[in-house]
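Understanding the architecture of this molecule
Here is what each chain is made of, one letter per residue.
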Amino acid sequence: MGQVQVGTASWTDRTLLESGWYPPEADTPEQRLRYYARQFPLVEVDATYYALPGEQTAALWAARTPAAFNIKAFSLFTHHPTPVAALPKDLRPAAEKTGKDRVYVKDVGPAVADEAWQRFSAALEPLRSAGKLGAILLQFPPWFPISRARKDYIVACAQRAAPDRVCVEFRNRTWMTPGNQDETLGFLTEHQLPYVCVDMPQGHRDSIPPVLAATAPDLAVVRMHGHSAKWDSKDIHERFGYRYTDAELTQWAPKVRDLAQDATGTHVLFNNCYRDYAQVNAQQLAALLQP
C-alpha cells in the first residue's frame, strides 16, 4: 500500500477557532499552523481560490511547518466567476473593459490568463523549493460539462501548472454518469492526471457519485465533503456542516486502503469545515488507517 496522508481543507476557519480545538497557547496564525502540522502531515489551502497567493505568504508556510500543502487553483483558472478586484491591479484594465464586476477566463483573454498563471506558479516557489508543495486542485464548477474542448482545457491547465502536480475534481455530473464514467477515467489515466474522488450528498444537480479510482501512478486524492441536509444552502457552514459518524469512517477506511494500493501516494482531505468537524474526523480516519 502506498503512503496515505490525511488532513483538512482549513486550519483558519472562524468556527474552528471558536470550537476550542486549538489549545489556548496557539493564539497566533503561526502558532496555530505549527500546532496543526503536529497533528496532520497535509493541509489544503482554500485562500488561493479567491486571490493569487503571495510568495511571502508561501515562504512563511514553508518555514513554519513540515506539512505538505495542496493548493486550490485561482477561480479564474477553473471557469469560476472572478471578481475584477481579485485580479492584480495591473491586470484589471482588460477585465474592466467588460463592464462586469465578475469575469470569466474567456472575458480577459489569453494574455491575462497566462500572466495570472505565471504569477500563481511563481508565488508557490518557496513551497516547491522546500519540497512541501503537494498538488494543485483544479475544481471545476457545475456548469463545466464533459466535452472534447473541456478535456483539452484540463490538459492545458496541467501543462501550465507543470512541473507542479494537478488533481481534477468535477462538480458536473455528466463526467461521471454511468455512460461517461469510463471515458472520463480513461481520459485522466491517459494523461496521468489524478482524479479527485469525492464523498458528497447525492440527489443534487451537482452530485458526483463516490467512485474511487487512481488515474495516475503517483497520486490518488479523496475529498470528504460530508452529507449535509442543507447542501444547496448559500451558507458555507450549513453546506459543509456535517460530522461523519464512527460507522461511516469505519466503512471508508478499507476503501482508502484499497485505493492506496494503486498509487504511491494518497491524499485524503476533509472539507466538512465547520467547527472542529474536519479535524476530529481526519484524526479518527488516520487512526483507523494505522497498520
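Anyway, here's the lowdown on the structure attached to this text. Nothing here was measured: the structure is a model prediction, and the numbers come from that model.

Conventions we followed
- Residue numbering note: each chain is counted from 1, following its sequence as written.
- Confidence filtering applies because this is a predicted model: local features only for residues at pLDDT of at least 70, side-chain atom pairs given and counted only at 80 or more, and all residues used for totals across whole chains, interfaces and linings.
- To obtain the side-chain values, all non-hydrogen atoms of the structure were included, while hydrogens and water were left out.
- The salt bridge criterion pairs a side-chain nitrogen of Lys or Arg with a carboxyl oxygen of Asp or Glu, the two atoms within 4 Å.
- Each helix corresponds to a stretch of at least 4 residues labelled H or I by DSSP, and each strand to a stretch of at least 2 residues labelled E; elements are numbered beginning at the N terminus.
- Between buried and exposed lies partly exposed: a residue is buried under 20% and exposed over 50% of the maximum accessible area for its type, with that area taken using a 1.4 Å probe on protein chains only.
- In this analysis, two residues are considered to be in contact whenever any of their non-hydrogen atoms come within 4.5 Å of each other.
- Each Phe, Tyr or Trp ring (for Trp, its six-membered ring) is paired with any other whose centre lies within 6.5 Å, and the angle between the two planes then decides the class: stacked below 30 degrees, edge-to-face above 60, tilted in between.
- By the criterion adopted, a ring carries a charge over it if an Arg CZ or a Lys NZ lies within 6 Å of its centre and within 35 degrees of its normal.
- For each structure, a 1 Å grid was placed over the protein atoms alone; sets of points admitting a 1.4 Å probe that cannot get out are labelled cavities, open sets with protein on both sides within 12 Å along at least five of seven lines are labelled pockets, and lining residues have an atom within 4 Å of a point.
- Grid points are joined across faces, edges and corners, and a volume is the space filled by probe spheres set on the points.
- By the convention adopted, Pro, Cys, Tyr, Trp, Phe, Met, Ile, Leu, Val and Ala count as nonpolar, Lys, Arg, Asp and Glu as charged, and the other residues, Gly among them, as polar.

**Details of the pattern of salt bridges**
A complete count under the given rule lists 18 salt bridges for this structure. The partner of E30 in a salt bridge is R64, with the nearest N and O atoms 3.8 Å apart. Here the residue E30 occupies a position in helix α2 (residues 29-39), and R64 occupies one in helix α4 (residues 55-64), the gap between them amounting to 34 residues. A relative accessible area of 30% places E30 in the partly exposed class. Among the ionic pairs, E183 bridges to K151, the shortest N-O distance being 2.5 Å. Here the residue E183 occupies a position in helix α9 (residues 181-190), and K151 occupies one in helix α8 (residues 148-161), the gap between them amounting to 32 residues. Exposure remark for E183: the relative accessible area of 40% places this residue in the partly exposed category.

**Points about the side chain of S75**
Take S75: it is sitting in the loop between β3 (68-72) and β4 (82-83). The contacts of S75, once residues within four sequence positions are left out, are Y49, H80, P81 and T82.

**So, the packing of aromatic side chains**
Considering all chains together, one arrives at 24 aromatic pairs under this definition. Centre to centre, the rings of W21 and Y35 are 5.3 Å apart; their planes meet at 75°, and the pair counts as edge-to-face. One end of the pair, W21, is in the loop between α1 (14-19) and α2; the other, Y35, is in helix α2, with 14 residues separating them in the sequence. Judged by its relative accessible area of 11%, W21 falls in the buried class. Positioned above the aromatic ring of Y49 is the side chain of K72, whose terminal nitrogen or guanidinium carbon lies 4.7 Å from the ring centre. When the ring centre of W231 is taken as origin, the NZ or CZ atom of R239, which lies over that ring, is 3.9 Å away.

**Digging into the layout of surface pockets**
Here the largest pocket is characterised by a volume of approximately 1200 Å³. If you trace the largest pocket, you find 36 residues lining it, with Y49, Y50, K72, I236 and F240 closest to the centre. Of the residues contributing to the lining of the largest pocket, the split by class is 16 nonpolar, 8 polar and 12 charged. Lining the second largest pocket are M1, V4, Q5, V6, Q39, F40, P41, R257, A286, L289, Q290 and P291. Broken down by element, the residue count for the lining of the second largest pocket peaks at 3 residues, all from strand β1 (residues 3-8). Looking at the lining of the second largest pocket residue by residue, the class counts come to 8 nonpolar, 3 polar and 1 charged.

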